[in-house]
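Coordinate analysis (summary)
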Amino acid sequence: MFKEYTNRRVAFPIGLLFMTLCWMMIPISLVKAAEPIGKFSQMEGIVDVLRGGAMPAIPVKVGDPVFERDVIRTKSNSRAEIIFIDSNTIKISQRSRVDINEYLTGENKSSEVLNLQRGRVEAIVPEKNAKRISVSPSAHKFEIHTPCAVTGVRSTRYLAYQLDNCTNVIGYEGTVYVFNPKFPDKIVEVHAGQMTRACEDSPPFQPKEATNLMDLIITGSPPGPGLNVEPPVTEIFPGILQPKGPV
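Once that is clear, we can look at the pairing of strand β9 (residues 110-124). Counting buried positions along β9 yields 14 of 15 residues, so the element is predominantly enclosed. Pairing analysis gives seven bridges linking strand β8 (residues 97-104) to β9, with the strands arranged antiparallel. Its bridge partner being in β9, Asp99 is matched across the sheet by Asn115. Hairpin connection of β8 to β9: five residues between the antiparallel strands. Two strands pair when backbone bridges link them, and β9 and strand β10 (residues 140-146) are joined in this way by six bridges, in the parallel orientation. Looking across to β10, one finds that Leu114 is bridged to Ile144. Where β9 meets strand β12 (residues 157-163), six bridges bridge the pair, whose relative direction is antiparallel. Its bridge partner lying in β12, Glu122 is registered against Leu159.

Now the structure itself:
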């Protein structure tokens with residue numbers, strides 16, 4: 001009887017210690033899970049990031065990491081380039097906002113979804129990644145979502161530009177698919193040198209040659225929010241407001 005009581009007295013603190021160590025390991029594993037998915041490779045002007053989509057805004061510099069769920073914002077006369085761990089690259093123009101909704105990479109499955117709330121972003125997808133997407137579109141995807149369009153890679157390089165409740169898409173190389181989520185069965189493919197537009201309440205029109213419009217979109221400065229304008233609120237990160245400041 002005494003031996004059984006002694007064993008219980010010894011077993012209880014050992015069990016308690018084991019449970020404590022398990023609880024202590026949980027935050028460590030969570031910290032390790034937050035691995036960078038890319039880095040800022042080039043920058044000009046003022047660029048900030050909301051880690052996990054939450055304030056405060058943190059100014060960034062070349063070499064700083066990018067994480068899943070980050071929100072990247074460029075101010076007037078500012079630009080940024082991000083290279084992801086799988087060598088995909090995005091170039092963000094001035095007065096733009098890009099939410100990194102999801103960025104999961106893998107040989108057998110990958111899902112990479114960016115949300116362009118405003119402004120302009122160019123996506124460059126290396127040939128090996130584009131080929132993997134074209135061969136297995138159900139297992140791999142790279143998409144840029146806007147308020148009125150979903151644009152996805154069939155191969156290589158394109159530009160998406162959100163303005164006045166419309167999304168313009170220009171193909172530089174390869175093929176891009178475009179559709180308005182309100183009209184998911186109306187899908188168009190944009191090839192190199194072509195462009196299309198999808199607006200809030202209409203499916204994208206059939207692609208046309210982009211010769212004249214391309215010059216306007218690439219060289220022009222899109223009108224839009226400056227430093228003292230609140231950006232649109234997203235479903236994923238509601239209530240985020242851009243801090244006030246001088247233009």
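What follows concerns the nonpolar core. Most often, soluble globular proteins keep nonpolar side chains buried together rather than apart. Ranked by size, the top nonpolar core spans 34 residues in total, and within it Ile72, Ile90, Ile100, Leu114, Phe142, Ile144 and Tyr158 carry the most contacts. It is β9 that provides the largest number of residues to this core, a total of four residues.

So, about the packing of aromatic side chains. Per the counting criterion, the structure on display carries one aromatic pair. Judged by centre distance (4.2 Å) and plane angle (15 degrees), the rings of Phe84 and Tyr103 are stacked. In this pair, Phe84 sits in strand β6 (residues 79-84) while Tyr103 sits in strand β8, placing the two residues 19 residues apart along the sequence. Of the two residues examined, Phe84 and Tyr103, each falls in the buried class. Above the ring of Tyr161, the side-chain terminus of Arg120 is found at 5.8 Å from the ring centroid. If you follow Lys208 out to its NZ or CZ, it ends over the ring of Phe205, 5.4 Å from the centre.

For the rest of this paragraph, the subject is the environment of Ser155. With respect to the helices and strands, the residue Ser155 is situated in the loop between β11 (149-153) and β12. Once the C-alpha coordinates of Ser155 and Gly171 are considered, the two residues, 16 residues apart in sequence, prove to be 9.8 Å apart. If we skip the residues at most four places from it in the chain, Ser155 touches Ala130, Glu173, Gly174 and Thr175.

Scoring rules and cut-offs
- Residues numbered from 1 in each chain as written.
- Predicted model: local features only at pLDDT ≥ 70, side-chain atom pairs only at ≥ 80, totals over all residues.
- Heavy atoms only, no water.
- Buried < 20%, exposed > 50% of the residue type's maximum accessible area, 1.4 Å probe, protein only.
- Helix = DSSP H or I, 4+ residues; strand = E, 2+ residues; numbered from the N terminus.
- Pairing = 2+ DSSP bridges.
- Core = buried A, V, L, I, M, F, W, Y, C linked by side-chain atoms within 4.5 Å.
- Phe/Tyr/Trp six-rings, centres within 6.5 Å; stacked < 30°, edge-to-face > 60°.
- Lys NZ or Arg CZ within 6 Å of the ring centre and 35° of its normal.
- Contact = heavy atoms within 4.5 Å.

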